[in-house]
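# Coordinate inspection notes
So the chains spell out like this:
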Amino acid sequence: MLEASVQGLVALFNPTVAIYMVLGVAWGLTIGILPALGGITAMVLILPFAVQVAPEAGIALLLGAHIGTIYGDAACSILFKVPGSGKAIVHCFDGYPMTQKGEGARALGACASSAFIGGVIGAITLTLTLPFMRAVMLALGPPEYFMMGVWGLSVIAVFADGSVLKGLVAAGFGLMVSFIGQDPVTATLRYTFGNTYLMDGLEFPVVAVGLFAISQAMTLHIRGGSIMDSEKGIDLGTSSVWQGVRDVFDNWGLVVRSSMLGLWIGALPGIGNVVGTMAAYGQAVQTSKHPERFGKGSVEGVIAPTATMGANEGGALMPTLGFGIPGGETMAILLSAFIVLGIAPGRDMLENRLPLVFSMVWILVVANMLTSTVGILTASQLAKVAKLPGHTIIPLVLTISLAGTYSLSGSIEDVVVCVVFGFIGYLMEKFDFSRADFAIGMVLGLLIERYMQVSLTTYGDMFIFTRPVTFLMLIGILITLVWPIVNSARKKRIAAKVG
Amino acid sequence: MSKRTQDNLFCVALLFLFLGFVYLTFQLGSPRAKLVPLPIAGVSIVLLLLQLYLQNFRPDIKLNVDSVDLFRISEDTIEAEGEVSDFTRKTRKNAHSEANAFAVVAVLFALVFLLGILEATFLFILGYFVLYGKEKIPVSLAWSAGTTAAFYGMFFQLINLKPWEGWIRLTFFS
């Protein structure tokens, strides 16, 4: 295992690999940070180039772009409250409030540092635990993946910004929207009204751009001013990027826990890192000394999900290459590119071609380091975007949103959907229906349904109780939900006794 | 119209949406296809009805919840009748009305649909900078031309995306 890891590292010293990796990182950072063009869009745009060059160069280009978009997505959430992909939704909870308080540079610095450290921890842990991880991956099945999806939904209840009822309704709305199109098991068409466009369902990036980018632009247009609330003033002592870097080291325990979470959840095929970031955020809330600060601009709320994202990618390569099951939407694009480049996923990859697998892991680590360095060096300048006047940001965000949405599949219907959800997103924000909960519901809806259907068919109606791991996961979720209530009641009893 | 009334109307609209989902779900042929959507829509309807009841008939019960004290009722943040929230307060420079915001997005969409992506981008940015930003024409032209050129290079040259040419061109000039 160690030998394979070292062989993989040596492959990085190939100049071609290094150059294309740098190009990929530059592309990912540039595109990922633009509202409506992050995440999967950036990967889709670079895919045609990646498959035309030499295989090792193509792999380095794609993986570098992938890492660049991770930081770009997170930065876009932090600066504009527009998640470029599902996994960056969580950064809107605390990253954007930090920007509004004038701490955008600190948030970006924390984001860049935690992503790098998370990536390194993930790569090292992966090297040491790969044999065990393979056994776990093979042991888990659809019932466990179903519970993972439910775990992701349970975060909605753990963190509800505003009315819990409205948050749950928003999640229900998101779940229903995810069901538009074909049923994943029976292929029954649902809520399509005979429209061929709706038969494929609504794409998450299209809905997310409308829900967040368009509605945010509308809010800014109504409110006036800039993203940063300049009336609140800036405390320069807490808003520097290096403060963000220091925050990561001050919260090293959180970084390690979140990285472990990201690595292991990333290794589970088909789950994706959306669940990982939500789970990391939830555990950050519950283990924090100041949980009341979450949702209002807590740097821990930025550190936890970013460390998860950094570690997640190494783990996500395992099911993608080992079983051909992508760990998320960007892994799906990577997988298709790998096949074109002559890399056939399968058990042979994890048993006989480990040096190639580890060279990819090390590319991810080095790309992470490069991205983090660029991120830290540019954070102060990037944070100034929040001070740009609204009349500069608004037209750019709106036009990029519609153009980026159109570019996904060249369909004008996507633009219509984007605008409609822009209006809906504005109204949801106005009346305290959490858009983040909607997005979480939409991302997890089909995943949960698919695994539940397969579990019912394969293991029967009582699958939750007949499979020990699934049952234990259910207990864990219930404890996660009930613990805050018990803890609160206990504190009230103590306060009453003292009083 | 007060914010509470608007809130109620939005909740009722969502209620009808979920009822619509329930109706359409019952029309599906396959029981498996109904298995998950039906309970989710049903639960959402119950939650919405509870929300409407609490916010209209039990205003003493506060609905906003702290992230730690799950389900524990915290201090009031629902604005009373007549109060103006941060969300709606228009005390900043260059603030505009809600209707204006909806109209801006609608105009952009109309331009995109009728004229095409690139033409709409150019005209919209130019118009917004001049009308709302009060910028000089040369500055506005620079921003709109630069952005349009960037879009053209990125989308229509780099990846050879076929541009949406606009309904007018497709209908009358194709």
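Residues numbered from 1 in each chain as written. Chains lettered and ligands numbered in written order. Predicted model: local features only at pLDDT ≥ 70, side-chain atom pairs only at ≥ 80, totals over all residues. Heavy atoms only, no water.

With that settled, consider the interface of chain B and chain A. Taken together, the contact between chain B and chain A spans 77 residues of the former and 79 residues of the latter. Note on chain B versus chain A: buried area summed over both sides is about 7100 Å², and carbon and sulfur give 75% of it. Across the contact surface, chain B and chain A share two salt bridges. Measuring nitrogen to oxygen at the nearest pair gives 2.9 Å for the salt bridge that ties lysine 166 of chain A to aspartate 7 of chain B. Our count for the chain B to chain A interface comes out at 15 residue pairs in polar contact (both at pLDDT 80 or more). The set of elements that each furnish at least two residues to the side of chain B that touches chain A consists of α1 (3–26), α2 (31–35), α3 (37–57), β1 (64–65), α4 (98–115), α5 (117–131) and α6 (137–158) of chain B. (Contact = heavy atoms within 4.5 Å. Buried area = accessible area lost by both parts, 1.4 Å probe. Salt bridge = Lys/Arg side-chain N within 4 Å of Asp/Glu carboxyl O. Polar contact = N/O pair within 3.5 Å; in protein donor to acceptor, adjacent residues only side chain to side chain. Helix = DSSP H or I, 4+ residues; strand = E, 2+ residues; numbered from the N terminus.)

Now for the packing of aromatic side chains. Summed over the entire model, instances satisfying the criterion amount to 21 aromatic pairs over all chains. Here tryptophan 167 of chain B and phenylalanine 172 of chain B contribute two aromatic rings whose centre-to-centre distance is 5.9 Å and whose plane-to-plane angle is 85°, an arrangement assigned as edge-to-face. Under the relative-accessibility criterion, tryptophan 167 of chain B is labelled partly exposed at 38%. Assessed through its relative accessible area of 56%, phenylalanine 172 of chain B is described here as exposed. Ring pairs connect the aromatic residues Phe173, Tyr191, Phe421 and Phe438 of chain A together with Phe18 and Phe21 of chain B, which therefore count as one cluster. (Phe/Tyr/Trp six-rings, centres within 6.5 Å; stacked < 30°, edge-to-face > 60°. Buried < 20%, exposed > 50% of the residue type's maximum accessible area, 1.4 Å probe, protein only.)

Caution is warranted with low-pLDDT regions, since their predicted coordinates should not be read in detail. Residue and element names in this part refer to chain A. Taken residue by residue, chain A gives an average pLDDT of 81. The fraction at 70 or more is 86%. Mean pLDDT per element in chain A: strand β1 (residues 162–163) is the minimum at 66, and helix α19 (residues 412–430) is the maximum at 94. In the predicted structure, residues 231–238 sits below a pLDDT of 50 and forms nine contacts with residues beyond four places in sequence or in another chain. (pLDDT = per-residue confidence, 0-100.)

So, on to helix α2 (residues 15–32) of chain A. Given 3.6 residues to a turn, an α-helix orients residues that are three or four positions apart in the same direction. Here α2 of chain A is 18 residues long and its end C-alpha atoms lie 25 Å apart, about the 26 Å a rise of 1.5 Å per residue gives. Looking only at α2 of chain A, the buried set comprises Val17, Met21, Gly24, Val25, Trp27, Gly28, Leu29, Ile31 and Gly32 of chain A. (Expected span 1.5 Å × (residues − 1).)

To continue, consider the packing of helix α18 (residues 390–409) of chain A against α5 of chain B. Interhelical geometry of α18 of chain A versus α5 of chain B gives an angle of 170° and a closest axis separation of 9 Å. Taken as axis vectors, α18 of chain A and α5 of chain B run roughly antiparallel relative to one another. Where α18 of chain A abuts α5 of chain B, its residues His391, Thr392, Ile394, Pro395, Leu396, Leu398, Thr399, Leu402, Ala403 and Tyr406 of chain A lie against Ile117, Thr121, Phe124, Ile125, Tyr128 and Phe129 of chain B. Looking at side-chain class alone, the contact of α18 of chain A with α5 of chain B contains twelve nonpolar, four polar and no charged residues. (Axes fitted to C-alpha atoms, helices over the stretch in contact; angles between N-to-C directions. Parallel < 35°, antiparallel > 145°, perpendicular 65-115°, else oblique. Nonpolar A, V, L, I, M, F, W, Y, C, P; charged D, E, K, R; others polar.)

All names here are of chain A. Enumeration according to the criterion identifies ten salt bridges over all chains in this entry. Arginine 467 serves as the salt-bridge partner of glutamate 144, at 2.9 Å between the closest nitrogen and oxygen. Of this pair, glutamate 144 sits in helix α7 (residues 142–158) while arginine 467 sits in the loop between α21 (463–466) and α22 (468–498), placing them 323 residues apart in sequence. On the basis of relative accessibility, which here comes to 2%, the residue glutamate 144 falls in the buried class.

Below, the discussion takes up helix α5 (residues 91–100) of chain A. Residue and element names in this part refer to chain A. Counting buried positions along α5 yields nine of ten residues, so the element is predominantly enclosed. By the burial criterion, the buried members of α5 are His91, Cys92, Phe93, Asp94, Gly95, Tyr96, Pro97, Met98 and Thr99. In the stretch just after α5, glycine 102 is the one whose phi turns positive, near 85°.

What follows deals with the side chain of histidine 96 of chain B. If you trace the backbone, histidine 96 of chain B turns up in the loop between β1 and α4. Given the relative accessible area of 18%, histidine 96 of chain B is considered buried. Separated by 3.0 Å, the side chain of histidine 96 of chain B and the backbone oxygen of histidine 221 of chain A make a polar contact.

Ranked by internal contacts, the top residues of the largest apolar core, which has 189 residues, are Leu202, Phe433 and Phe438 of chain A. A total of 15 residues in this core trace back to one element, the largest contributor, which is helix α4 (residues 55–80) of chain A. In contact with phenylalanine 433 of chain A, other than residues within four places in its own chain, are Lys166, Val169, Ala170 and Met428 of chain A together with Asp7, Phe10, Cys11, Leu14 and Leu48 of chain B. (Core = buried A, V, L, I, M, F, W, Y, C linked by side-chain atoms within 4.5 Å.)

Within the chain, phenylalanine 193 of chain A stands out as a residue other than glycine whose phi angle is a positive 55°. For phenylalanine 193 of chain A, the location among the structural elements is in the loop between β3 (189–190) and α9 (196–199). Using a relative accessible area of 66% as the deciding quantity, one classes phenylalanine 193 of chain A as exposed. In this model, lysine 134 of chain B sits at a positive phi of 55°, which is unusual for a non-glycine residue.

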